[in-house]
Amino acid sequence: MLDGMKFGPVFAVLLAVGLVGCAPQAKEVSTETEVRSQLGAVGAKPESEVPWDAWRFVAADLPMDGLWADALADPFSQRQQWSLPAGSKDRAVMLQQLEEYRKAVLAATPQEGDDPGSASMFYQQGVSALVLRSRLLALEGKLPEAVGAAKECIEIAGKSVTSGVGLQKMDSAPGVLLAAEQAVQLSREPDITESQRNDLAQTLATISFREQIAAAVQSEFATAGVERLIATARVGDDADDHILTIIARGDEIDWMKEKLVEHRAEVKDFYDQTATLQLTSTWVKLLTQAGDEGWMALETQMMAMRGSLQSAWGMDPFAVPVEDWNAERMRDAMRQHANAGGIAVAWDVVGAMIPSVESAFLTDASLQAAIVSLLAPPSEKVTEAELRKRFSAVTGRDLLDPLTGQQSLVDEANRVLKSPRTDPLPENFLLMRAYQQGGLPY
């Protein structure tokens, strides 16, 4: 959120008006053990350590020579050699290799490694390979096999949504959407049956990122979030300096400290660790409720959190450009609010998770659009009433807008699902703002 921002002398002077914690009379900081104990008492406990299913792709060897690099980068290509009518021999060789790869993936037991980022990369490549296998089968005229392969790909991709610790599982979204796109592509084949389309739609309907987000956020708090809070406790009497580092990302901290003394007496206590732990836990709990309560709850809660930060600092120190900071306004705000530094710490922990929660809502909305596309192929004239009936029959739920929880608007002419919400979303939600403005094509 702040990476790349440059802070100069103005930042140092403005921060100085708010700091009191460097004073000799500052409260003793609790030990790391005490912090972990307090956090455990308020529910910061990780999920069971189930290995992320994406790790199974690391155990399988994916061919990357010859045609493979381009094919995996774009399994939907219509111009590469293997995708052309004359490419049948290439497809035969690729299908043989992909079958060996598929068997290796299915036989692999997920084993945790040292680099989750590596697992994410192998996962994306692996799902692309399984999508490619379905596409090649379709190009060879083996439509039932292609449908079966697409369904299996969705199921394998979806396992990574329900496994793993913390927000790790949210990294599954691109792979799941890639598998969904192959299902949609197959639904355009002239010989595909309604039963096959419904089968693919039902398989997609079993995946929900929103259903996983509460456990994901809670587990992320118990791992990465707790470590952020522990880092503040670990530095002892230098906790306030550490908070500066959180906001400034390490820019000229020593120079800033020289500016603190004259302002210490002007504001209330800058940092209270116990209050910060409790506040962070409360905010995390509110964030976990978003999956069940819906988007409006998330938006309301986030705006309230940001409001607390803005009230304590006189503005949002993470978002307002440094040239727009007002020293007098900050000083007046901090005179009225204790623990301004702790509120910034809480926002640093919770704010880092909000984009993943937003992504969960948008990914589910995109999957919903893919299901609608399967149930209403362009070759058929499907009325809105019939579409809603089909959607409910296949998924067991109504066709609802993720922003409002109300019925989605169906633009039949342009084949777009839209939100009935007219008031604009906060600028912080870039993904959902894009959905509100343009809808999701089906």
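Conventions and cut-offs
- Residues numbered from 1 in each chain as written.
- Predicted model: local features only at pLDDT ≥ 70, side-chain atom pairs only at ≥ 80, totals over all residues.
- Heavy atoms only, no water.
- Axes fitted to C-alpha atoms, helices over the stretch in contact; angles between N-to-C directions.
- Helix = DSSP H or I, 4+ residues; strand = E, 2+ residues; numbered from the N terminus.
- Parallel < 35°, antiparallel > 145°, perpendicular 65-115°, else oblique.
- Left-handed = near helix turned anticlockwise from the far one by under 90°.
- Contact = heavy atoms within 4.5 Å.
- Polar contact = N/O pair within 3.5 Å; in protein donor to acceptor, adjacent residues only side chain to side chain.
- Salt bridge = Lys/Arg side-chain N within 4 Å of Asp/Glu carboxyl O.
- Buried < 20%, exposed > 50% of the residue type's maximum accessible area, 1.4 Å probe, protein only.
- Expected span 1.5 Å × (residues − 1).
- Bend = angle between axes of the 7 residues up to and from the residue.
- Core = buried A, V, L, I, M, F, W, Y, C linked by side-chain atoms within 4.5 Å.
- Phe/Tyr/Trp six-rings, centres within 6.5 Å; stacked < 30°, edge-to-face > 60°.
- Nonpolar A, V, L, I, M, F, W, Y, C, P; charged D, E, K, R; others polar.
- pLDDT = per-residue confidence, 0-100.

## Comments concerning the packing of helix 12 (residues 273-288) against helix 14 (residues 295-313)
Here comes step 1: Close contact between helix 12 and helix 14 brings their axes to 9 Å; oriented N to C, the two are set at 160°. Classified by the angle their axes make, helix 12 and helix 14 are roughly antiparallel. For the pair helix 12 and helix 14, the sense of crossing is left-handed. Across from Trp283, Leu286 and Leu287 in helix 12, the residues of helix 14 making contact are Leu298, Gln301, Met305 and Ser308.

## Here we look at the side chain of glutamate 299
Here comes step 1: With respect to the secondary-structure elements, glutamate 299 resides in helix 14.
Here comes step 2: Here the side chain of glutamate 299 touches arginine 421 through a polar contact of 2.8 Å, side chain to side chain.

## Concerning the pattern of salt bridges
A side chain with one charge may pair with a side chain of the opposite charge, provided their charged atoms come close.
Here comes step 1: What the rule picks out here adds up to 17 salt bridges.
Here comes step 2: We note a salt bridge from aspartate 53 to arginine 56, for which the minimum N-O separation is 3.0 Å.
Here comes step 3: The class for aspartate 53 is buried, based on a relative accessible area of 9%.
Here comes step 4: Put simply, glutamate 384 and arginine 388 hold a salt bridge, and the shortest N to O gap is 2.8 Å. Taken together, the residues glutamate 384 and arginine 388, both in helix 18 (residues 384-395) and four residues apart, mark about one turn of the helix.
Here comes step 5: Judged by relative accessible area, which is 19%, arginine 388 ranks as buried.
Here comes step 6: Linked by salt bridges that have partners in common, Glu99, Arg102, Arg133 and Glu152 make up one network.

## Structural notes on the environment of arginine 306
Here comes step 1: Take arginine 306: it is sitting in helix 14.
Here comes step 2: For arginine 306 and tryptophan 347, which are 41 residues apart along the polypeptide, the C-alpha to C-alpha distance reads 7.7 Å.
Here comes step 3: With near-sequence residues (within four places) excluded, arginine 306 lies in contact with Asp316, Ala319, Trp347 and Asn428.
Here comes step 4: At a separation of 2.8 Å, a polar atom in the side chain of arginine 306 contacts the side chain of aspartate 316.

## Regarding helix 9 (residues 210-234)
Here comes step 1: In this model, helix 9 (25 residues) spans 34 Å end to end at C-alpha, consistent with the 36 Å of a helix rising 1.5 Å per residue.
Here comes step 2: Taking the largest bend as the criterion, helix 9 deviates by roughly 40°, centred on phenylalanine 221.

## Regarding the nonpolar core
Here comes step 1: Membership of the largest hydrophobic core comes to 122 residues, with the highest contact counts inside it found for Leu132, Phe209, Trp313 and Met432.
Here comes step 2: In terms of residues, this core owes the most to one element, helix 17 (residues 354-375), which gives 13 residues.
Here comes step 3: Those residues in contact with phenylalanine 209 that sit more than four places away from it in its chain are Val161, Lys169, Met170, Ser172, Ala173, Val176, Ala360, Thr363, Asp364 and Leu367.

## Looking at the packing of aromatic side chains
The geometry of an aromatic ring pair comes down to the distance between the two centres and the angle between the two planes.
Here comes step 1: Overall, the coordinates contain five aromatic pairs when judged by the stated rule.
Here comes step 2: Plain terms: the ring middles of phenylalanine 57 and tyrosine 123 are 5.6 Å apart, the flat faces sit at 80° to each other, and that makes the pair edge-to-face. With phenylalanine 57 in the loop between helix 2 (32-41) and helix 3 (68-73) and tyrosine 123 in helix 5 (residues 116-139), the pair connects residues that are 66 residues apart, well separated along the chain.
Here comes step 3: A relative accessible area of 1% means that phenylalanine 57 is categorised as buried.
Here comes step 4: Both rings, one in tryptophan 295 and one in phenylalanine 361, keep their centres 5.3 Å apart while their planes meet at 80°; by these two values the pair is edge-to-face. A residue pair is termed long-range when its members are at least 10 positions apart, and tryptophan 295 in helix 14 and phenylalanine 361 in helix 17 qualify at 66 residues.
Here comes step 5: Of the residues examined, phenylalanine 361 reaches a relative accessible area of 1% and is grouped as buried.
Here comes step 6: Taken together, Trp52, Phe57 and Tyr123 form an aromatic cluster joined through their ring pairs.

## Quick notes on the packing of helix 5 against helix 7 (residues 173-187)
Here comes step 1: One way to put it is that helix 5 packs onto helix 7 with a least axis distance of 9 Å and a crossing angle of 10°. On the basis of the axis angle, helix 5 is roughly parallel to helix 7. Residues Tyr123, Gln124, Val127, Ser128, Val131, Ser134, Arg135 and Ala138 of helix 5 form the contact with helix 7, whose participating residues are Pro174, Gly175, Val176, Leu178, Ala179, Gln182 and Leu186.
Here comes step 2: Here the contact of helix 5 with helix 7 is composed, by residue class, of nine nonpolar, five polar and one charged.

## Some remarks on the confidence of the model for the chain
Here comes step 1: In this model, the chain carries an average pLDDT of 85, and 84% of its residues clear a pLDDT of 70 or more.
Here comes step 2: Ranking the elements of the chain by mean pLDDT puts helix 1 (residues 9-16) last, at 28, and helix 8 (residues 194-205) first, at 98.
Here comes step 3: Below a pLDDT of 50 lies the segment residues 1-29, which in the model reaches 73 contacts outside its immediate sequence neighbourhood of four places, other chains included.
Here comes step 4: Segment residues 258-262 is flagged for pLDDT under 50; beyond a separation of four residues in sequence, or across chains, it makes five contacts in the model.

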